[in-house]
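The lines below spell out each chain.
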Amino acid sequence: ADKADFVLVFARTDASKGRDGVTCFIVDTNTKGFHVRRVVHTLRSSHYATELQFEDMRVPNANILGEVNKGFAIANERLSRQRIPYAAACIAVAVKAQELAVDYAKQRETFGAPLASRQAIQWMIVDNEIDIRTSLWLTLDAAHKADRGEPYRMEAGIAKLVASEAGGRVVDRAMQIHGGYGMTKDLPFERWYREMRIRRVGEGPNEVQRHIVARDLLGGSLR
Ligand SMILES: Cc1cc2nc3c(=O)[nH]c(=O)nc-3n(C[C@H](O)[C@H](O)[C@H](O)COP(=O)(O)OP(=O)(O)OC[C@H]3O[C@@H](n4cnc5c(N)ncnc54)[C@H](O)[C@@H]3O)c2cc1C
């Protein structure tokens, strides 16, 4: 937000109406009362978050995106749709980690034989492949449904949660296969390890994805 010309603010405009009491505002960052209080650093070293403060800030009616109290649907649609590329990005990291693990297992010899000949290593590589392919098919399924205009919220939630958890496991196994070398900053694993950890929380934490799936399976009565 410290570099943006405008931000979208989802604000509660009717405290008594739950999700029907949220409005989306387009707020110019040079509006009087808009402050970036501080930069917040996270596990992701390439980006940072910002903490905002709104002090007696007034936003004109013209800056309402959509209608008053209809902001939740805008956020919900954006969040659901975004979970599909978010899952795909986890798979991209997992595929590259697996590629490095396979190459290294063939090349590195211990006790007179390549790592690739050891069943313990083979099984890690197999489990990686299963995690990658499972994530891929679930993500394609969600993308296919979204593209066709079919309901896809549950599929997107499942894809995001499986791909983020599987991606973390794949990176972890690839690091293990690389031994001490895998812990160094010479290789991208430690960065991916941090990124995969974020992805279980970002774009809606995985507990919330499970909640979305439960609600779709068990009915809208669940809050
Ligand atoms: C690096 C980073 C980048 C981000 N970038 C963006 C961004 O670009 N745009 C954006 O809008 N947001 C962004 N976020 C915010 C992110 O989407 C939220 O942090 C995330 O959705 C979790 O919300 P919260 O932090 O309020 O956690 P909370 O809602 O406070 O949840 C805390 C914990 O409780 C669990 N929990 C919450 N409710 C329930 C429940 N009902 N049942 C069981 N468990 C529950 C959660 O799963 C979580 O583990 C970013 C976060 C990070 C870390």
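The structure under discussion appears in the preceding block.
Reading the values: rules and limits
- Residues numbered from 1 in each chain as written.
- Predicted model: local features only at pLDDT ≥ 70, side-chain atom pairs only at ≥ 80, totals over all residues.
- Heavy atoms only, no water.
- Helix = DSSP H or I, 4+ residues; strand = E, 2+ residues; numbered from the N terminus.
- Expected span 1.5 Å × (residues − 1).
- Near = heavy atom within 4 Å.
- Polar contact = N/O pair within 3.5 Å; in protein donor to acceptor, adjacent residues only side chain to side chain.
- Areas by Shrake-Rupley, 256 points an atom, 1.4 Å probe, with all protein chains shown as cover.
- Nonpolar A, V, L, I, M, F, W, Y, C, P; charged D, E, K, R; others polar.
- Pairing = 2+ DSSP bridges.
- Contact = heavy atoms within 4.5 Å.
- Axes fitted to C-alpha atoms, helices over the stretch in contact; angles between N-to-C directions.

Asks: What's the story with helix α3 (residues 153-177) in this structure? I'm lost.
Replies: For an α-helix, the turn length of 3.6 residues means that residues three or four places apart are oriented alike. A rise of 1.5 Å per residue sets the reference length of α3, with its 25 residues, at 36 Å; its end C-alpha atoms lie 36 Å apart and thus fit the reference within 8%. Directly beyond the C-terminal end of α3, a positive phi value near 60 degrees is found at Gly179.

Asks: Would you take a moment to explain the site of the ligand for this structure?
Replies: Taken together, the residues surrounding the ligand are Thr42, Arg44, Ile198, Val201, Glu203, Gly204, Pro205 and Glu207. Here Glu207 contributes a side-chain N or O atom positioned 2.6 Å from an oxygen atom of the ligand. Computed on the free molecule, the ligand has an accessible area of 970 Å², of which 35% lies beneath the protein chains in the complex. Residues of the shell around the ligand, tallied by class, amount to three nonpolar, two polar and three charged.

Asks: Teacher, can you tell me more about the sheet that holds strand β1 (residues 6-12) here?
Replies: In a beta sheet, neighbouring strands are held together by backbone hydrogen bonds and run either parallel or antiparallel to one another. Strand order in the open sheet made by the three strands is β1-β2-β5, with antiparallel pairing throughout. Two strands lie at the open edges of the sheet, namely β1 and β5 (64-65), each paired on one side alone. Pairing analysis gives seven bridges linking β1 to strand β2 (residues 22-28), with the strands arranged antiparallel. Directly across from Leu8, in β2, lies its bridge partner Ile26. In this fold helix α1 (residues 71-107) packs onto β1, β2 and β5, with an angle of close to 75 degrees to the strand it touches most, β2.

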